[in-house]
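Below, each chain spelled out in residue letters.
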Amino acid sequence: MHEMSLAEGIRQIVEDAGRRQGFRKVKTVVLEIGQLAALEPDSLRFCFDLVMKDSIAEGAVLQIDSLPGRGWCARCAETVPIAALYDACPRCGSYQVQASGGTEMRVKELEIE
Ligand SMILES: [Zn+2]
């Protein structure tokens, strides 16, 4: 499952940060997820709770901030907003749109107890 390996990646990041900065308990993990990352927030939350067991983020709240999708339209030669990968350009209707933002996922912030 895609979400499961992501949750494991988050655990790695959280534990590394804990070791580096010397904290023992994380209360909230704030994630930034692009609209085009094709992630199911509910299943990510489910995996997060499973994976964080016995870690410094056990029982932590997962907060998900969504980032809008953006694409580069070759015909308009402009960045345009898109809601999904392979969407047509909202300005000219062309399908020559290359996703240029909103596919990323990163840990934005950790709230420490
Ligand atoms: Zn266009």
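Residues numbered from 1 in each chain as written. Predicted model: local features only at pLDDT ≥ 70, side-chain atom pairs only at ≥ 80, totals over all residues. Heavy atoms only, no water.

Novice: I'd like a rundown of the environment of Leu62, residues and numbers included.
Specialist: Its place among the elements puts Leu62 in strand E2 (residues 61-67). Considered as a pair, Leu62 and Lys27 are 35 residues apart in the sequence and their alpha carbons are 8.9 Å apart. Setting aside its immediate chain neighbours within four residues, Leu62 contacts Val29, Leu31, Leu44, Arg45 and Phe48. (Helix = DSSP H or I, 4+ residues; strand = E, 2+ residues; numbered from the N terminus. Contact = heavy atoms within 4.5 Å.)

Novice: Let's hear about unusual backbone geometry: which residues, and what values?
Specialist: Positioned with a positive phi, Asp54 is a non-glycine residue whose angle comes to about 65°. Following the sequence through the fold, Asp54 ends up in the loop between helix H2 (41-51) and E2. The phi dihedral of Tyr86 falls on the positive side, at around 65°, and the residue is not glycine. With respect to the helices and strands, Tyr86 occurs in the loop between strand E4 (78-81) and strand E5 (97-101). Overall, Tyr86 belongs to the exposed group, its relative accessible area being 72%. (Buried < 20%, exposed > 50% of the residue type's maximum accessible area, 1.4 Å probe, protein only.)

Novice: Can you explain the UniProt feature "binding site: Ni(2+)" (unreviewed entry) in the protein? Please cite residues and give values.
Specialist: Residues annotated by UniProt as "binding site: Ni(2+)" (unreviewed entry) correspond here to His2. Take His2: it is sitting in helix H1 (residues 2-21). (UniProt positions renumbered as here; feature names shortened; annotations may be inferred.)

Novice: Pulling in residues and values, what's your account of H2?
Specialist: Listing the buried residues of H2 in full gives Leu44, Cys47, Phe48 and Val51. End-on, the buried residues of H2 take up no more than an arc of 105°, which puts them together on one face. The outward face of H2, more than 90 degrees from its buried face, is lined by the exposed residues Asp42 and Phe46. (Arc of directions from axis to C-beta.)

Novice: Explain the sheet that holds strand E1 (residues 26-34) residue by residue, including any values.
Specialist: Spatial ordering of the open sheet is given by E2-E1-E6, a layout of three strands whose pairing is mixed. If you trace the sheet from one side to the other, it starts and ends with E2 and strand E6 (105-112), each paired once. Ignoring which end each strand starts from, the neighbouring axes of this sheet average 20° apart. Bridge count between E1 and E2: seven bridges; the pairing is parallel. Residue pairing for E2: Thr28 is matched across the bridge by Val61. (Pairing = 2+ DSSP bridges. Axes fitted to C-alpha atoms, helices over the stretch in contact; angles between N-to-C directions.)

Novice: Quick one: what's the story with the confidence of the model for the protein, residue by residue and with numbers?
Specialist: When the pLDDT values of the protein are averaged, the result is 94; 99% of them are 70 or greater. The secondary structure element of the protein with the lowest average pLDDT is E5, at 94, and the one with the highest is E4, at 97. (pLDDT = per-residue confidence, 0-100.)

Novice: Report on the packing of H1 against H2, specifying residues and quantitative values.
Specialist: Where H1 meets H2, the closest approach of the two axes is 8 Å, and the angle between their N-to-C directions is 50°. If you check the angle between H1 and H2, you find them oblique. Where H1 crosses over H2, the two elements pack in a sense that is right-handed. Contacts from Glu3, Met4, Leu6, Ala7, Glu8, Ile10 and Arg11 in H1 reach Ser43, Leu44, Cys47, Phe48, Leu50 and Val51 in H2. Tallied by class, the residues present in the contact of H1 with H2 amount to nine nonpolar, one polar and three charged. (Parallel < 35°, antiparallel > 145°, perpendicular 65-115°, else oblique. Left-handed = near helix turned anticlockwise from the far one by under 90°. Nonpolar A, V, L, I, M, F, W, Y, C, P; charged D, E, K, R; others polar.)

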